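Residue strings, one per chain:
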Amino acid sequence: MLLQALQTCSSALTAYILCIAALFGAAMGSFVNCASARLGSGESVLKGRSHCPACGHVLGAIDLIPVAGYLLLRGRCRYCGARIAPRCLVTELLGAAACVSLVLCYGVTLQAAAYAAMLFMLLAAALVDLDTGLIPDRLILMGIGAFLVYALFQKPVLPALLRGLLGGFAASVPLLLFVLLADRLMGRETMGGGDIKLFFMAGLYFDWQRAILLLIFSCLCGIAFAVYAKKKRGAEFPFGPGIAAGAFATALFGAPLLNWYLGLFF
Ligand SMILES: [Zn+2]
């Protein structure tokens, strides 16, 4: 009887924590979407209240509720009826999915928080990259800063820092060498430096084995996005979203996949 009550209680608590994670993730996704639009257009990220890009009306509380706000307003501005970009809804859902899956994988831990910080930074970089084809250094520096804070909470600190640095180099140096070679062979710039810096930032959060996995996952996602975009729009597709998707996959499946792979040999 008592055991049953405890079980009900703990599953209710789990559901509650997951709900909070989903709400937090959706709100962060909404913020990241807004911030990336401002970063891309050079506006200040934090100053000024959110406004409709079509009519300029300052948004009220209902307009700002993640996911539900979009659905309640049927994807249109309450003041002028302009369509709200579906991308708002997509980033809110992605944010919620990221936080819920991180909590399911890692629980309510510092590691889950660090991965969430990295993924939101990558999401912002991916959105700015989609809009402008550039990745702001500011986002990369913030990602490095968040890693340093995370490493300071590890015990002992120095090995954690070194492990991260090794991951950062493992994710970025092979690509750098490849790009230098490709540039020389093709006689033009094949890939922006922003992508390589972004790989370094994301690699900090993994050990070197998973950093290599990050490189592989990101290239696969990047190629898939590029092929899809070529078919759909006949256009080039930036690499930022591929890196963000690759990092998400590595954070969730990197460790079990590596364990399985190494188990084949040892
Ligand atoms: Zn409007």
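As a reminder, the structure under discussion sits directly above these lines.
Along each chain, numbering runs from 1 in the same order as the chain's sequence is written. Per-residue local features of the predicted model are confined to residues with pLDDT of at least 70, and side-chain atom pairs are confined, for both listing and counting, to 80 or more; whole-chain, interface and lining totals are unaffected and use all residues. The side-chain figures draw on all heavy atoms in the structure; neither hydrogens nor water molecules are used.

**Structural notes on the environment of valine 32**
Then, number 1: The helix count covers DSSP runs of H or I at least four residues long, the strand count covers runs of E at least two residues long, and both are numbered beginning at the N terminus. By secondary structure assignment, the location of valine 32 is in helix H1 (residues 2–41).
Then, number 2: Only protein chains enter the calculation, and the probe is 1.4 Å; a residue is then buried if its accessible area is under 20% of its type maximum, exposed if over 50%, and partly exposed in between. The class of valine 32 is buried, set by a relative accessible area of 5%.
Then, number 3: Between the C-alpha atoms of valine 32 and tyrosine 150, which are 118 residues apart in sequence, the distance is 21 Å.
Then, number 4: In contact with valine 32, other than residues within four places in its own chain, are Phe120, Leu123, Ala124 and Leu127. Residue contacts follow a heavy-atom distance rule, with two residues in contact if any of their heavy atoms lie within 4.5 Å.

**Re the side chain of asparagine 33**
Then, number 1: Along the chain, asparagine 33 falls in helix H1.
Then, number 2: Take asparagine 33: its relative accessible area is 10%, and that puts it in the buried class.
Then, number 3: Aside from chain neighbours lying at most four places away, what touches asparagine 33 is Arg87, Cys88, Thr91 and Leu127.

**Quick look at the coordination of the zinc ion**
Then, number 1: Each metal's donors are the N, O and S atoms found within 2.8 Å of it, except that Na, K and Ca use a 3.2 Å limit; water is left out, so coordination can look incomplete. Those donors, Cys52 (SG), Cys55 (SG), Cys77 (SG) and Cys80 (SG), are the protein atoms that reach the zinc ion, and they lie 2.3 Å from it.
Then, number 2: Bound by four donor atoms, the zinc ion shows angles of 103 to 120 degrees at the metal and therefore tetrahedral coordination geometry.
Then, number 3: Motif for the zinc ion, donor spacing along one chain: C-x2-C-x21-C-x2-C. Highlighted residues: cysteine 55 in the loop between H1 and helix H2 (61–64) and cysteine 77 in the loop between helix H3 (68–72) and helix H4 (86–106), separated in sequence by 22 residues. Tetrahedral means four donors with every angle between 85 and 135 degrees, whereas square planar (four donors) and octahedral (six donors) require angles over 155 degrees between opposite donors and between 65 and 115 for all others; sites fitting neither are termed irregular.

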